[in-house]
Amino acid sequence: MKTVGEKPKFEACRIGMRGKKQTPRPVKVSLSCSDFVMQIFKKARMLRDSEEYKQVFICPDRTVEEREVHRNLVNQLKSKRIAEPNKLHFIKGGHVLSADKE
């Protein structure tokens, strides 16, 4: 939280089962106020610049329906990347978009 310049009161816990492999498990973070959530999401890009947290990914809570929609978008994205490897593909605004690689 200090990396993105915010210091709200929060609770954090690991989710998922420990496996035999040393794979990282997600961390669920609960904040006291939705305003803090929005501030952190706005500043989440700062994590990319930090060497220590470069590979940390933050995503919002999603309902079951939203997770299904997002899963379908990711599957479309993967198939486009295979079909058109010479283009840059990404998800924006609930759509899979493509652009020329420079």
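Residues numbered from 1 in each chain as written. Predicted model: local features only at pLDDT ≥ 70, side-chain atom pairs only at ≥ 80, totals over all residues. Heavy atoms only, no water.

**Re the overall build of the chain**
The criterion, for reference: Labels follow the DSSP assignment, with helices taken as runs of H or I lasting at least four residues and strands as runs of E lasting at least two, numbered in each case from the N terminus. Within these notes, the globule rule equals 2.2 Å times the number of residues to the 0.38 power, and the radius of gyration is based on C-alpha atoms. Categorising residues by exposure relies on relative accessible area from a 1.4 Å probe, with only protein chains included: less than 20% of the type maximum marks a residue as buried, more than 50% marks it as exposed, and the intermediate range marks it as partly exposed. Any two residues whose heavy atoms approach within 4.5 Å are treated as being in contact. Counting rule for charge: Lys and Arg are taken as positive, Asp and Glu as negative, and neither His nor the chain ends is counted. Charge positions come from single atoms, namely NZ of Lys, CZ of Arg, CG of Asp or CD of Glu.
When you go through the chain residue by residue, the secondary structure sums to three helices and four strands. For the chain, the succession of helices and strands along the chain, N to C, is β-β-α-α-α-β-β. Against the globule reference of 13 Å for 102 residues, the chain gives a C-alpha radius of gyration of 17 Å, more extended than a compact globule. Principal-axis analysis of the C-alpha atoms places the extent of the chain at approximately 45 × 35 × 30 Å. Among the 102 residues that make up the chain, the fraction classed as buried is 11%. Relative to all contacts within the chain whose residues are 6 or more apart in sequence, the contacts with residues 24 or more apart total 21%. If the 23 positive side-chain charges of the chain are averaged to one point and the 13 negative ones to another, these points end up 6 Å apart.

**Some details on the pairing of strand E3 (residues 87–92)**
What counts here: A pair of strands is considered paired only if DSSP assigns at least 2 bridges between the two.
As judged from the six bridges shared by E3 and strand E4 (residues 95–100), these two strands associate in the antiparallel manner. Each residue of the ladder has a partner; that of Phe90, found in E4, is Leu97. Linkage of E3 to E4, two consecutive antiparallel strands, is achieved through a turn of two residues, within which Gly93 is found at a positive phi near 65°.

**Remarks on the state of the cysteines**
Covalently bonding the sulfur atom of one cysteine to the sulfur atom of another cysteine gives a disulfide. Note the cut-off: When the sulfur atoms of two cysteines come within 2.5 Å, that pair is taken as a disulfide.
Counted by the stated rule, this structure contains zero disulfides. The thiol of Cys59 is not disulfide-bonded; the next cysteine sulfur, from Cys13, is found 14 Å away. Using a relative accessible area of 40% as the deciding quantity, one classes Cys59 as partly exposed.

**Quick look at the environment of Glu11**
Tracing the sequence through the fold places Glu11 in strand E1 (residues 10–14). Sequence separation between Glu11 and Gln55 is 44 residues, and the spatial gap between their C-alpha atoms is 21 Å. Contacts of Glu11, omitting those with residues within four sequence positions, involve Lys28, Val29 and Ser30.

**Some words on the pattern of salt bridges**
This is how the line gets drawn: Basic side-chain nitrogens of Lys or Arg form a salt bridge, by our definition, when they fall within 4 Å of a carboxyl oxygen of Asp or Glu.
Within the structure shown, the criterion is met by three salt bridges. For Lys54, the salt bridge identified is with Glu51, shortest N-O distance 3.7 Å. Given the relative accessible area of 44%, Lys54 is considered partly exposed. With a relative accessible area of 64%, Glu51 lands in the exposed category. The partner of Glu84 in a salt bridge is Lys87, with the nearest N and O atoms 3.9 Å apart. Of the residues examined, Lys87 reaches a relative accessible area of 30% and is grouped as partly exposed.

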